[in-house]
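What follows is each chain in one-letter form.
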Amino acid sequence: MHRIKCSWDGKMKFTASDEFDHKVSMDLAPEAGGDDQGFRPMPMVLVGLGGCMGVDVKMILEKMKQNITALELDIKGELDESTTPRIYKKISIVFSISGENLEQDKIERAIALAEEKYCNVSAMLSRICELEYKAVII
């Protein structure tokens, strides 16, 4: 079981903390009554996806003997503006990977395995929206 505590810090700002006392701030834009002092709540969903996919892909690539020196995920979430509440209809992730003697097919396989078999966040999100992945060796 995971447990998160969200505490109101005034206006529209909340601070979330976990059982290990890690903290993250969430807030809204000034035009929505906030002070722009943290992540918006919906992008936090993308943060969770990025962390989950990133960790899983890195571990899989290590097992495949792919020597990576950098891994960056560029994540874009497209909201469905026709629904209330608004939900993501499509999320795209571009994995930019650097390293020595990297093999494109192994990287793509690692991403597929992470999405289909290991990443709990992608398993959950794939039930409500389209997920799209691309790997770029840089």
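The structure displayed is predicted, hence computed values, not measured ones.

**As for the overall build of the protein chain**
Next up, step 1: Assigned secondary structure in the protein chain consists of three helices and six strands.
Next up, step 2: Reading the protein chain from its N terminus to its C terminus gives the helix and strand order β-β-β-α-β-β-α-α-β.
Next up, step 3: If you line up the protein chain on its principal axes, its C-alpha atoms span 50 × 40 × 30 Å.
Next up, step 4: The buried share among the 138 residues of the protein chain stands at 32%.
Next up, step 5: Contacts in the protein chain between residues at least 24 apart in sequence constitute 50% of all its contacts with a sequence separation of at least 6.
Next up, step 6: Counting 18 positive and 23 negative side-chain charges, the protein chain places the centres of these two groups 4 Å from one another.

**Some thoughts on the layout of surface pockets**
Next up, step 1: Estimated volume of the largest pocket: approximately 600 Å³.
Next up, step 2: If you go around the largest pocket, you meet 18 residues; those closest to its centre are His2, Ile4, Met44, Gly48 and Val121.
Next up, step 3: Of all the secondary structure elements, the ones that give two or more residues to the lining of the largest pocket are β1 (4-8), β2 (14-18), β3 (23-26), α1 (41-63) and α3 (120-125).
Next up, step 4: In terms of residue count, the dominant contributor to the lining of the largest pocket is α1 (four residues).
Next up, step 5: Of the residues in the lining of the largest pocket, the class split is ten nonpolar, five polar and three charged.
Next up, step 6: Approximately 190 Å³ is the volume found for the second largest pocket.
Next up, step 7: Lining the second largest pocket are Leu28, Arg40, Pro41, Met42, Pro43, Leu79, Arg86 and Tyr88.
Next up, step 8: If one sorts the elements of the lining of the second largest pocket by residue count, α1 sits on top with three residues.
Next up, step 9: Among the residues forming the lining of the second largest pocket, the class breakdown is six nonpolar, no polar and two charged.

**Some words on the sheet that holds strand β5 (residues 88-100)**
Next up, step 1: Spatially, β4-β5-β6 is the arrangement adopted by the three strands of the open sheet, whose pairing is mixed. Strand pairing shows two members of the sheet lacking a second neighbour, β4 (67-79) and β6 (130-137), which therefore form its edges. Neighbouring strand axes in the sheet, compared pairwise and without regard to direction, differ in orientation by 15 degrees on average.
Next up, step 2: Both β5 and β6 contribute to a ladder of eight bridges, which runs parallel. For Ser96, the partnering residue across the bridge sits in β6 and is Val136.
Next up, step 3: Across the sheet, helix α2 (residues 104-118) touches β5 and β6, and the angle it forms with β6 is around 155 degrees.

**What to know about the nonpolar core**
For soluble globular proteins, nonpolar side chains are generally found buried alongside one another.
Next up, step 1: Membership of the largest hydrophobic core comes to 27 residues, with the highest contact counts inside it found for Leu49 and Met53.
Next up, step 2: Those elements that provide at least two residues to this core are α1, β5, α2, α3 and β6.
Next up, step 3: When residues of this core are assigned to their parent elements, the largest contribution, seven residues, is made by α1.
Next up, step 4: Setting aside residues no more than four positions away along its own chain, Met53 makes contact with Leu73, Ile93, Phe95, Ile111, Ala114, Glu115, Cys119, Ser122 and Tyr133.

Calculation criteria
- Residues numbered from 1 in each chain as written.
- Predicted model: local features only at pLDDT ≥ 70, side-chain atom pairs only at ≥ 80, totals over all residues.
- Heavy atoms only, no water.
- Helix = DSSP H or I, 4+ residues; strand = E, 2+ residues; numbered from the N terminus.
- Buried < 20%, exposed > 50% of the residue type's maximum accessible area, 1.4 Å probe, protein only.
- Contact = heavy atoms within 4.5 Å.
- Lys, Arg positive; Asp, Glu negative; His and termini not counted.
- Charge placed at Lys NZ, Arg CZ, Asp CG, Glu CD.
- 1 Å grid on protein atoms, 1.4 Å probe; cavity = no way out; pocket = protein on both sides within 12 Å on 5 of 7 lines; lining within 4 Å.
- Points joined across faces, edges and corners; volume = space filled by probe spheres on them.
- Nonpolar A, V, L, I, M, F, W, Y, C, P; charged D, E, K, R; others polar.
- Pairing = 2+ DSSP bridges.
- Axes fitted to C-alpha atoms, helices over the stretch in contact; angles between N-to-C directions.
- Core = buried A, V, L, I, M, F, W, Y, C linked by side-chain atoms within 4.5 Å.

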